[in-house]
Amino acid sequence: MRLNWSDVTPKPLWLNRRKLMVGGAALLATPALAKIEAAKSAYSTDEEPNSFGDITSYNNFYEFGTGKDDPAAYAGAMTVDPWSIVIDGMVDKPGTYDLADVVKGQPLEERIYRFRCVEAWSMVVPWIGFQLSGLLDRVGVQPGAKFVAFETLVRPEEMPGVASPFIDWPYREGLRLDEAMHPLTIMATGLYGEAMPKQNGAPIRLVVPWKYGFKSIKSIVKISLVDTMPQTTWNMLQPSEYGFYSNVNPKVDHPRWSQASERRIGSGLFGGRQDTLMFNGYEAEVASLYAGQDLAVDY
Ligand SMILES: Nc1nc2c(c(=O)[nH]1)N[C@H]1C(S)=C(S)[C@@H](COP(=O)(O)O)O[C@H]1N2
Ligand SMILES: [Mo]
């Protein structure tokens, strides 16, 4: 069944979003996005999605600056067409793939996921995407591959933030192969039924809903299948605070703050603090991946 985003979004939100668009702020940040049709996924939470305005105006995308409003202000300069992704390492079909070729044949779904930042705020986002496993199956993962490494675009002339050397660009992230193959792990190409806004990681980004938000790397240009644990940006910056796994875990505090609760972004109806759930509420689906691991050691 083919659904439009307005069919799968609760009406009050849809109206609210119309108002925001008419109001101008969201419109300025996200001009002329292409509509994407996608079926609603059974993996969706039934929690209320945040507004399009919240999702596109409160962002972390350090390539455009460290302020929450920097991505909405500056990501518009990023060219996302043409876009290609290098897929290399231990794969049967390595190469430089055009974005259209990466997406080709992958069933797009709307996945309404909880999304939890390590800074103890959260949102609910109606992503559009496909399972990373579908792409990995297509390029053929070779025996011996144990991890997947990802890199973001670095284009200084379009990204004012990369002039700051505090991050060793490109932004990088990684997953263990079983995490990458998990059906909850998606490559997202849009949200709210439209092509991905640039501040959210256009044209394609990772979304791993049971991990802290920084694992969900944006604007991906390289995917490598490797046999050793890859370096990741936040682990390189501060290994005592950010481990490779970075599973949402209310029982393992960040050294400088508690992870027991979170602030749901948004005002009025959707605002407020709530307890953080183990694996961000996806415990039933993913806990078995970590059987036998001490999550205080593998944080
Ligand atoms: N390339 C890149 N990807 C990134 C980041 C970044 O700075 N650069 N920030 C991460 C962090 S800390 C979070 S919380 C999420 C934010 O995603 P959102 O802006 O779509 O909510 O993106 C993640 N992916
Ligand atoms: Mo984050």
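This text gives an overview of the structure that appears in the document.

Conventions and cut-offs
The numbers attached to residues start from 1 for each chain and follow its sequence in the written order. Lettering for chains starts from A, numbering for ligands starts from 1, and both go in the order in which the items are written. pLDDT decides what is reported in this predicted model: residues at 70 or higher carry local features, side-chain atom pairs at 80 or more are listed and counted, and totals for whole chains, interfaces and linings draw on all residues regardless. Side-chain numbers come from the whole structure's heavy atoms, not from hydrogens or water. The criterion for strand pairing is that DSSP finds at least two bridges linking the strands in question. Helix and strand definitions follow DSSP, with helices as H or I runs of at least four residues and strands as E runs of at least two, each counted in order from the N terminus. Interaxial angle, 0 to 180 degrees, is taken between N-to-C directions of lines fitted to C-alpha atoms, where a helix line uses only the stretch in contact. Centres within 6.5 Å are what make two rings of Phe, Tyr or Trp a pair, Trp counting through its six-membered ring; a difference in plane orientation under 30 degrees is then read as stacked, over 60 as edge-to-face, and the rest as tilted. Each residue's exposure class comes from its accessible area (1.4 Å probe, protein chains only) as a fraction of the maximum for that residue type: buried when under 20%, exposed when over 50%, partly exposed otherwise. Any Lys or Arg side-chain nitrogen found within 4 Å of a carboxyl oxygen on Asp or Glu counts as a salt bridge.

### A word on the sheet that holds strand β11 (residues 220-226)
Here we have 5 strands laid out as an open sheet, ordered β3-β2-β11-β6-β7, and mixed in their pairing. At either end of the open sheet lies a strand with only one pairing partner, and these are β3 (95-98) and β7 (172-176). Across this sheet, the average inter-strand angle for adjacent strands is 20°, counted without regard to direction.

### As for the packing of aromatic side chains
Summed over the entire model, instances satisfying the criterion amount to 14 aromatic pairs. Plain terms: the ring middles of Tyr 113 and Tyr 282 are 5.9 Å apart, the flat faces sit at 75° to each other, and that makes the pair edge-to-face. Here the residue Tyr 113 occupies a position in strand β4 (residues 109-116), and Tyr 282 occupies one in the loop between β13 (273-275) and α10 (283-286), the gap between them amounting to 169 residues. Of the two residues, Tyr 113 and Tyr 282, both sit in the buried class.

### As for the pattern of salt bridges
The full count for this structure, using the stated rule, is 16 salt bridges. Close ionic contact of Glu 173 with Lys 215 constitutes a salt bridge, the shortest N to O distance being 2.8 Å. Residue Glu 173 is found in strand β7, and its partner Lys 215 is found in the loop between β10 (205-207) and β11; the two are separated by 42 residues along the sequence. Overall, the relative accessible area of 1% leaves Lys 215 in the buried class. Linking Arg 176 and Asp 178 is a salt bridge whose minimum nitrogen-to-oxygen distance equals 2.8 Å. Salt bridges linked by common partners bring Glu 47, Arg 114, Arg 116, Glu 262 and Arg 264 together as one network.

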